[in-house]
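Descriptive structure summary
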Amino acid sequence: RFQRVELNQIALPDYFTKFMTSAHQGDSTLFIGLSDDFELEKVLGKKLEHNDTVKIEVMVTEVLTDEQLRTKRAEERMLLDAELLEQQQLQVLLDSFGLDRDHFVDGIYYKTISRGNGKRATPGNNIRVNYKSTLVNGQIIDNTYEANSLEYEVGRPDQVLDGFAIGISLMREGGESLMILPSNMAFGDKGSSSKIVPPFHTIIYHVKLEKVGV
């Protein structure tokens, strides 16, 4: 588990404090001994059985000054607010499209617009798709209808977003669909490298599977 510790504001056992005050970011150590000697209530917030043998592995994942800590906490609050806002916007979006839990498949919301008569795309197939992707506010992320179709090999790593790959696996050649990708199936808590998609943002895809076996 992750726990942020302010050394000057918490009472810790001497052995723990000595390690923490001499360690650098990324350092780790392993303590092995009897529970009675470790004062685990101070470290773990709970008491173990009398004289249990325990191992405690500690890693310093961050070292922050007071100013850096304030900045870090502000950033974390912003991300938490963004995560909560995404959940609110997602529900409004689902309602507007008439989607519910019956449309939830493997982490995404999926709705068939028109069924294709061709074959399904399976791993190893090269396929061609057209799509338009937008943020919840309508901002366009990408539109292959106005540029070049996307061609890629199904199942090959790092070709498309995980949520997009799941949606494609549900389609047949010639079909069209609506895909709603929550951020955990899209660009997550970091957003896209291009900064077009901010952290914790749902993406809407309108997709047509043009060809299977390009």
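Quick summary incoming for the structure in this document. What you are looking at is a predicted structure, and each value in this text was computed from that prediction instead of being measured.

Of regular secondary structure, the chain possesses five helices and nine strands. Along the chain, from the amino end to the carboxyl end, the secondary structure elements read α-β-α-α-β-α-β-β-β-β-β-α-β-β. In summary, the chain has a C-alpha radius of gyration of 25 Å against a globular reference of 17 Å for 214 residues, an excess of more than 25%. Referenced to the eigenvectors of the C-alpha coordinate spread, the extents of the chain come out at roughly 70 × 35 × 30 Å. The buried share among the 214 residues of the chain stands at 32%. Long-range pairs, those at least 24 residues apart, make up 66% of the contacts in the chain between residues at least 6 apart in sequence. For the chain, the accessible surface area stands at approximately 13600 Å², while carbon and sulfur atoms represent 47% of it. Computed over 24 positive and 32 negative side-chain charges, the separation of the two mean positions in the chain equals 5 Å.

What follows concerns the nonpolar core. Counting 24 residues, the largest nonpolar core has Ile127, Phe164, Ile168, Met179 and Tyr205 as its most contacted members. Residues in contact with Tyr205, not counting those within four places in the same chain, are Tyr131, Lys132, Ser133, Leu161, Phe164, Ser177, Leu178, Met179 and Leu181.

Of the residues making up helix H1 (residues 14-22), those classed as buried are Tyr15, Phe16 and Phe19. For H1, the angular spread of buried residues about the axis comes to 100°, placing them on one side. Turned more than 90 degrees off the buried face of H1, the exposed positions are Asp14, Lys18 and Thr21.

Enumeration according to the criterion identifies six aromatic pairs in this entry. Through pairs of rings, three or more aromatic residues link up here, namely Tyr15, Phe19 and Phe31. Taking NZ or CZ as reference, Arg101 lies 4.3 Å from the ring centre of Phe104, over its face.

Procedures and definitions
- Residues numbered from 1 in each chain as written.
- Predicted model: local features only at pLDDT ≥ 70, side-chain atom pairs only at ≥ 80, totals over all residues.
- Heavy atoms only, no water.
- Helix = DSSP H or I, 4+ residues; strand = E, 2+ residues; numbered from the N terminus.
- Rg over C-alpha atoms; globule rule 2.2 N^0.38 Å.
- Buried < 20%, exposed > 50% of the residue type's maximum accessible area, 1.4 Å probe, protein only.
- Contact = heavy atoms within 4.5 Å.
- Areas by Shrake-Rupley, 256 points an atom, 1.4 Å probe, with all protein chains shown as cover.
- Lys, Arg positive; Asp, Glu negative; His and termini not counted.
- Charge placed at Lys NZ, Arg CZ, Asp CG, Glu CD.
- Core = buried A, V, L, I, M, F, W, Y, C linked by side-chain atoms within 4.5 Å.
- Arc of directions from axis to C-beta.
- Phe/Tyr/Trp six-rings, centres within 6.5 Å; stacked < 30°, edge-to-face > 60°.
- Lys NZ or Arg CZ within 6 Å of the ring centre and 35° of its normal.

Honestly, that's just the spatial picture; any functional story needs more than this.
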